[in-house]
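What follows is each chain in one-letter form.
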Amino acid sequence: MSQISPSKVLAEVAAAVPPACRENVVIIGSLAAGYHFFQNDESKAVRTKDVDCVLEPFHAAVGAGQTITRQLLDAGWQRMLTGAHQNPGDARTPVDELPAVRLYPPGVDTASEEAWFIELLTVPESAEVGNKWTRLPLAEGHFGLPTFRFLAITAFDPLPAGNLDIRYARPEMMALANLLEHPEIKPETMSSMFAGRSIKRSNKDLGRVLAIATLADLDDYRPWAKSWLEALQTCFPSEWLQLALRAGAGLRALLGSGNDFEEAYHTCMNGLLASQPLPLEALRAAGNRVLGDAVETLEDFANESR
Amino acid sequence: MSALRFDVLLDDPPGFRADAVLGDSIFEVLIEPRDLRRLRASLLDIARFSAGKPERRGILVLADPQISEPRLSDEWTGARAVIRPEVFKRLAMVVCHDGKPPQTDESLTPEERDHIAAVVEHERGHAVHKVGGRSEAFFDILRPLLIAWFRGSGPLTSKELSAQTGFSYPTISNALRELEPYLVRHSDRRVELRAFPKDAWFRLVAQAENVRSTMAFADPSMRPRSPEVLLQRLRELKRSDIAVGGVLGARHYLPGLDLIGTPRLDLVVHNPRPGGSHELLRKLDPALKPAKRGEPARVFVHSLSRPVTFFQKSDDGMVWADEVECLLDLHEARLESQALEFLERLTPRSKP
């Protein structure tokens, strides 16, 4: 995995995006978390290879996606050619068989360990939409913008990235989206090895929650519950109560399972927490704080509203 | 972490009441078991529960068993022979001896292991509501006498001492007899201390951990919350039955106490209900967990069971433990020079 400087990469991405589209871009994932926590510390890097750019709002996503991709391709950004669907489709290609927009910066050796690429995604069209692709026609053919059900939470009330004109996801919103995505430890493993090990996707994503909590290093995580409540009520007005009540289930399962927790620990130590390692029990303590302070407070809010 | 629930009535098996439930795991606790039939019945209970669903686990906790280890081992082996293997592998037996780390089964999850102490504490509270022995009664009577002496609140009748401590006249009479050299007996039969009862005090200091049922909590986060942060959260709880002792309490009575920083937080809980300490600590900082023997602890919870607490409430809503509790905490924290300074400042200049 690449060791990248969040500030540097974010600046590079912002500079490459046409100014008119920057307001539609929200950076999410480990780069966003790294930028939030390490932006004033040049010595800290993030181990990642993908820079996820969510386009929002949904009605502007296709237009912004076309403009951004056009400009990047014209500037020499290189398409990533891996996976099942590599070639652009046409109007007849089912939308879920279209390739995603994944682009390496110009001149980068894509085979290099240090190479990173951007990927374009979009927020869901509505609260009812789950994982879905949106068609993105370009001169080269049709591409797709993937969305995931809880991306609306991830991109809720994003923060400005300095004076770069793009925004990045709030760490606590990324944490909530991961909690909602994994109400249990699912058996599916990640498509590629994580620092030499096969890892369950749930453990990696729930581990991200623990890493964010560790980096946030708050004396009190209860304010997260308030922000979470607002995000849930805004993004899922008819379902927020059920979502709030189940948000902690996966984290509870993770903390209760020695093997799964150890996998999550492995992803943290080789990911967001690589530059500040800590013992397993300290990571568990961070999880207990999120659970006791934030998740249980959110559950209290939900129960009071019943 | 799943929430630990105590004394839970389950639907499956019908009518079965588990001592504690943690996610899909149940705990059955036997305090000082000496009866093999009871042990076997409990094993059968957890096996029946675990047989209901493949994710269920049953943990039998034996606190201070009066049954020999070879006998326990025989029982476990015997159970293995009669319980289906796919069920038996989800059962565990944990043996706890007072003051020693539990001998836990390796099959326990870290979360289950973390909760053993809380489960035993809860069950002990139910099994035998503490009845103070002779020496504990003596210390419980000594403490209000010391508070009265420190505060200069005047002599006490036996009736008042009985109301404050909950002990009977004969018990109070015995304790006073033991304290005779340090007592002033007034003509109206009221009593008060004339001097600091050094010997009795240091006996109390030596036994304070047991007398006060102290529980220690460690913070494994490597990012400990400061005592001030914990205090703020305690204040938010608006609990009148929890008081702050230790260094912070001593500073309440003696603001000039010579000590930089606050090395630990001491809390005194009045009539704690079983498991209540863990719930309280979770409200202050969910990262706190019962300290293992020898593990550095950051928060200490002492229980106080006498009818009158002598807590003091300050204008900001903070409740403070009495001077004796604070002094005991200083000794327990090995802050001997501060304890001496505190004692000197509390000691009345002249007594009748």
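Conventions used here
The written sequence of each chain sets the order in which its residues are numbered from 1. Both sets of labels track the order of writing: A upward for chains, 1 upward for ligands. Thresholds applied to this predicted model are a pLDDT of at least 70 for local features of residues and 80 or more for the giving and counting of side-chain atom pairs; totals over whole chains, interfaces and linings are not thresholded and use all residues. Only hydrogens and water are set aside when side-chain values are computed; all heavy atoms of the structure are taken into account. Each axis is a line fitted through C-alpha atoms, and for a helix only the stretch in contact is used; angles between axes span 0 to 180 degrees, taken between their N-to-C directions. Strands are runs of DSSP state E lasting at least two residues, helices are runs of H or I lasting at least four, and both sets are numbered from the N terminus onward. Orientation is classified from the angle alone, with under 35 degrees giving roughly parallel, over 145 giving roughly antiparallel, 65 to 115 giving roughly perpendicular, and any other angle giving oblique. Crossing handedness follows the turn of the near helix against the far one: under a right angle anticlockwise gives a left-handed crossing, and clockwise gives a right-handed one. When checking whether two residues touch, look at their non-hydrogen atoms; a contact exists if any pair is within 4.5 Å. The nonpolar class holds Ala, Val, Leu, Ile, Met, Phe, Trp, Tyr, Cys and Pro. Asp, Glu, Lys and Arg form the charged class, and all remaining residues, Gly among them, are polar. In short, DSSP must find at least two bridges between two strands for them to pair.

An account of the packing of helix H7 (residues 222–235) of chain A against helix H11 (residues 280–305) of chain A is needed here, citing residue identities and associated values.
Residue and element names in this part refer to chain A. Contact geometry of H7 with H11 gives a least axis separation of 8 Å together with a crossing angle of 40°. Judged on the interaxial angle alone, H11 and H7 are oblique. For H7 against H11, the interelement crossing comes out right-handed. Every residue of H11 that contacts H7 at Arg 222, Trp 224, Ala 225, Lys 226, Trp 228, Leu 229 and Leu 232 is listed here: Val 290, Asp 293, Ala 294, Val 295, Thr 297, Leu 298 and Phe 301. Per-class residue counts for the contact of H7 with H11 are ten nonpolar, one polar and three charged.

I'd like a rundown of the sheet that holds strand E11 (residues 167–168) of chain A, residues and numbers included.
All names here are of chain A. Taking strand neighbours across the sheet as the criterion, the seven strands line up as E5-E6-E7-E4-E2-E11-E10 in an open arrangement whose pairing is mixed. Taken across any chain shown, the strands that pair with only one partner, and hence form the sheet edges, are strand E5 (78–79) and strand E10 (159–160). Sheet analysis places strand E6 (residues 102–104) next to strand E7 (residues 117–122), joined by two bridges and oriented antiparallel. When the sheet's bridge partners are listed, Arg 102 is paired in E7 with Glu 119. Across the face of the sheet, helix H2 (residues 29–38) comes into contact with strand E2 (25–28), strand E4 (50–55), E10 and E11 while running at roughly 90° to E2.

Lay out the sheet that holds strand E3 (residues 25–31) of chain B with the relevant residues and their values.
Residues and elements named next belong to chain B. If you walk across this open sheet you meet the five strands as E1-E2-E3-E4-E5, and the pairing is mixed. Edge positions in the open sheet fall to strand E1 (4–10) and strand E5 (91–96), since each of these has one partner strand only. For this sheet the average axis-to-axis angle between neighbouring strands, irrespective of direction, equals 35°. With three bridges connecting them, strand E2 (residues 16–22) and E3 associate as antiparallel partners.

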